[in-house]
Structure formats: C-alpha cells, structure tokens
Amino acid sequence: MDGESLYSVKWYKGRREFYRYTPKESPPMKIFPAQGVQVKRSASNESQLTLLGLSLASSGKYSCEVSADAPSFHTMIVTGDLEVCEVPKHVPSIHGMRSRYRVGDIVRGNCTSHNSRPPANLTWYINEAQANPSYIRTHKPFRERKNEFETSLAGIHFVVGNHHFVNGKLKIRCTARIHDIYLQSTERSIDEDRPRVISAASSANSNGKGANGNAVPYDHFPPYAENELDRKDYMTHLQDVASGSAPTARPILPSPAPLTSFDQFRLTSINHLRWAFGPLTVLLLPFAHPLLSSLINRIAPPLRA
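Residues numbered from 1 in each chain as written. Predicted model: local features only at pLDDT ≥ 70, side-chain atom pairs only at ≥ 80, totals over all residues. Heavy atoms only, no water.

As recorded in an unreviewed UniProt entry, the protein chain goes by Ig-like domain-containing protein and comes from Anopheles quadriannulatus.

So, in structure tokens, the structure goes:
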C-alpha cells in the first residue's frame, strides 16, 4: 500500500466481479454469484481468497484489483490464469507388445491415457532413457463423445539392437504427465528371445534312442517291399563291381530260391534298365513288363537251347 490506506479489494472471473472486501463497510465482505466459483468465507480476507468445490467450470482468467483510499484512490490490477484439471482415474496402458523379441525384430506398441482434461503428455522411455524422437508416433488427442474429457495416444516403433538388451532384458516405460499435479507410469519388461540350435547328432544317445527314450528312425523313407530290397541290393552290387570298388557290407536277407539262367537273364536286364534310367524305371516297370516279357520270350529259345 506504500503507506496509504486500503479502500477495497475486488476479485473478478473474466469481467465479472464475484468478491469484494471493503474494510470501512459492514460487513466488509461481499460475495456475488459466478459460474464455477464458490468462496470459502472463513479462509478469505483482504489479502487472500479461498475457493471450494473446484470443477472444470472454475477454469478461467482471474483478476485482483486493489484500490487506495482517498485522496489518491490509486488502483492496481493483476491477472492470472487458473486451470482446473481432471486427471485420469487409471494409469496409462501399453498395448501391442510381445513379451519376447529377437535382435532385428521390430517393436511396435501404443500407450494410451484415458479421460482427462487437458490431455496428458505421454513420454516413452527405453531402459530409463527417453526414447529417440524418431521412434515416436504422435497422434492428436481425441475427445470423448459422452463428456469433455480427452484421450492421449502415442506410439513407438523401432528395431531392436544388441544394445537394447541389458542382461537379456529390455525395459520400456510410458509416462503420463499433466503439469505438476499428475504423474503416472506403466512399464513393460521384455525378454531377449535367443535362437536355439539343437544338434541332430546329439539328439540320440549311444543306444540309438532320443532324449525322450523313443527310438530314433534311421531314415524317413518308407520301407521297401522285400522284392525291392533284393533288386536294390543286386543292382548296387553290380555297380560296385563295375566301378572296381570293394563290395560293401549289406543287410543279411533270407536267401531266395535258386534262379534259372532264364530268370537271371530277365532280372539282370531289368536291373540294367534301372541303372541306366534311374528311379523313373521303378514307376515305368509295371507298364513295361508285358513288352519286356514278349521281347525276352523271343530271344529266350536260343538261350535255353
């Protein structure tokens, strides 16, 4: 007051006066109705003002006007903004992320903070460090239809590198903030999914059985019929002799009935065809058998003679 006497203190919301304090009047305090304003009389005087039951309607521009008494009636007015916030009832939520990632995978996720006013500011953190801005996908807050609350949404998108995993863990956190009155976070812990290499040779033990105790198959081909085994063994034996290599050990099979010279000639002819034309002969033999039999019968009399 710079040594002058106080004449009045007036409070305004916008341009509407809702509180006046005049020391020389009785009662010195007067209150006028205003939207969103409820004055607490016991906690208000010439130097302070207390409001109760704040709502979103209480937000606005407030002014305090102080006037000196006669003869100067000097007046000074100061203005400030009051914002009433509706904070979210729940912590922010993270969606769209898996629990395990490999190096080179792409991490995609969204962070959402529902029903607040103003909308919360969302910030992503990777291993306690704020995420690179190039990783962030910002979205405009959208307003709920049922009320005036707003929902914030922010996405994250980046390629996982070796440096992101610390002791096999990657921590991602989303923080929602509204000025200095609201701060909540949600964190996800992601495990490193390392590829597993299993040796085929180590899957069977010395007894020819796997870890589960089941017999390990020698191969995955269907078993040959008995006559197919005979032919295969006979053909392979001819190839080994023709190449000059020592014959290899073969499975011991039941001895077939002795073959006549005519049957040996026919069997040798069939196996030579298989050796010359490959596996396709196996498919063609059923169809070629009548022709071969006719051909062999023509040349067989000289052999029998």
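Still to come is the rest of the account.
Draft legend 1. Region of interest: the side chain of S93. Within the fold, S93 resides in strand β6 (residues 93-95). In terms of polar contacts, S93 uses its side chain to reach the side chain of H95, at 3.1 Å. (Helix = DSSP H or I, 4+ residues; strand = E, 2+ residues; numbered from the N terminus. Polar contact = N/O pair within 3.5 Å; in protein donor to acceptor, adjacent residues only side chain to side chain.)

Draft legend 2. Spotlight on the nonpolar core. One finds M97, V107, W124, I156, F158, L170 and I172 to be the most contacted residues of the largest nonpolar core, which totals 23 residues. Secondary-structure elements contributing two or more residues to this core are β8 (106-116), β9 (121-126), β13 (150-159), β14 (169-178) and β15 (182-192). Counting residues per element, this core draws most heavily on β14, at five residues. In this structure, V107 is in contact with M97, Y101, I156, H157, F158, V160 and I172, ignoring residues within four places of it in sequence. Ranked by size, the runner-up nonpolar core spans eleven residues in total, among them A34, V37, V39 and C64. (Core = buried A, V, L, I, M, F, W, Y, C linked by side-chain atoms within 4.5 Å. Buried < 20%, exposed > 50% of the residue type's maximum accessible area, 1.4 Å probe, protein only. Contact = heavy atoms within 4.5 Å.)

Draft legend 3. Structural detail: the pairing of β14. Taking burial as the measure, the ten residues of β14 include seven buried ones, the bulk of the element. Two strands pair when backbone bridges link them, and β9 and β14 are joined in this way by six bridges, in the antiparallel orientation. Within the sheet, the bridge partner assigned to T123 lies in β14 and is T175. In the sheet, β14 pairs with β15 via ten bridges, with the strands oriented antiparallel. (Pairing = 2+ DSSP bridges.)

Draft legend 4. Highlighting the pattern of salt bridges. Scanning the entire structure with this criterion turns up 14 salt bridges. In this structure, the salt-bridge partner of D191 is R100, at a minimum N-O distance of 3.9 Å. With a gap of 91 residues between them, D191 in strand β15 and R100 in strand β7 (residues 100-101) connect regions that are remote in the sequence. By relative accessible area, which is 36% here, R100 ends up partly exposed. Across the salt bridge formed by R100 and D193, the nearest N and O atoms sit 3.9 Å from each other. Linking R100 in strand β7 with D193 in the loop between β15 and α1 (226-243), this pair joins segments that are 93 residues apart in sequence. Classification of D193 by relative accessible area gives partly exposed; the value is 26%. (Salt bridge = Lys/Arg side-chain N within 4 Å of Asp/Glu carboxyl O.)

Draft legend 5. Geometry of the sheet that holds strand β3 (residues 29-31). Read across the open sheet, the five strands follow the order β3-β2-β1-β4-β5; overall the sheet is antiparallel. Strands with a single pairing partner mark the edges of an open sheet, and in this sheet they are β3 and β5 (75-82). The sheet shows a mean angle of 20° between the axes of neighbouring strands, direction not considered. The pairing of strand β1 (residues 6-13) with strand β4 (residues 60-68) spans seven bridges and is antiparallel. Directly across from W11, in β4, lies its bridge partner C64. (Axes fitted to C-alpha atoms, helices over the stretch in contact; angles between N-to-C directions.)

Draft legend 6. Quick look at the state of the cysteines. For the structure shown, the criterion picks out one disulfide. Between C111 and C174 runs a disulfide, and the two sulfur atoms are separated by 1.9 Å. Judged by the sign of its S-S torsion, about -85°, the bond between C111 and C174 is left-handed. Highlighted residues: C111 in strand β8 and C174 in strand β14, separated in sequence by 63 residues. When its relative accessible area of 0% is taken as the criterion, C174 is described as buried. (Disulfide = S-S within 2.5 Å.)

Draft legend 7. View of the sheet that holds β9. Taken in spatial order, the five strands make up an open sheet running β7-β15-β14-β9-β10, and their pairing is mixed. Two strands in the sheet have a free side with no partner beyond their single neighbour: β7 and β10 (129-130).

Draft legend 8. The arrangement of the confidence of the model for the protein chain in detail. With 64% of its residues at a pLDDT of 70 or more, the protein chain has an overall mean of 78. Across the protein chain, element-level confidence peaks in β9 with a mean pLDDT of 97 and bottoms out in α1 with 43. In this model residues 201-208 is a low-confidence stretch, pLDDT under 50, and it forms nine contacts with partners more than four residues away in sequence or in other chains. (pLDDT = per-residue confidence, 0-100.)

Draft legend 9. Geometry of unusual backbone geometry. A cis amide bond, omega -5°, links S26 with the succeeding residue P27. Among the structural elements, P27 can be located in the loop between β2 (16-21) and β3. Cis rather than trans, the peptide bond between A70 and P71 has omega equal to 10°. The residue N127 is not glycine, and still its phi comes out positive at about 50°. Relative to the helices and strands, N127 is located in the loop between β9 and β10. With a relative accessible area of 26%, N127 lands in the partly exposed category. Its identity as a non-glycine residue notwithstanding, H179 has a phi of 50°, on the positive side. Exposure remark for H179: the relative accessible area of 46% places this residue in the partly exposed category.

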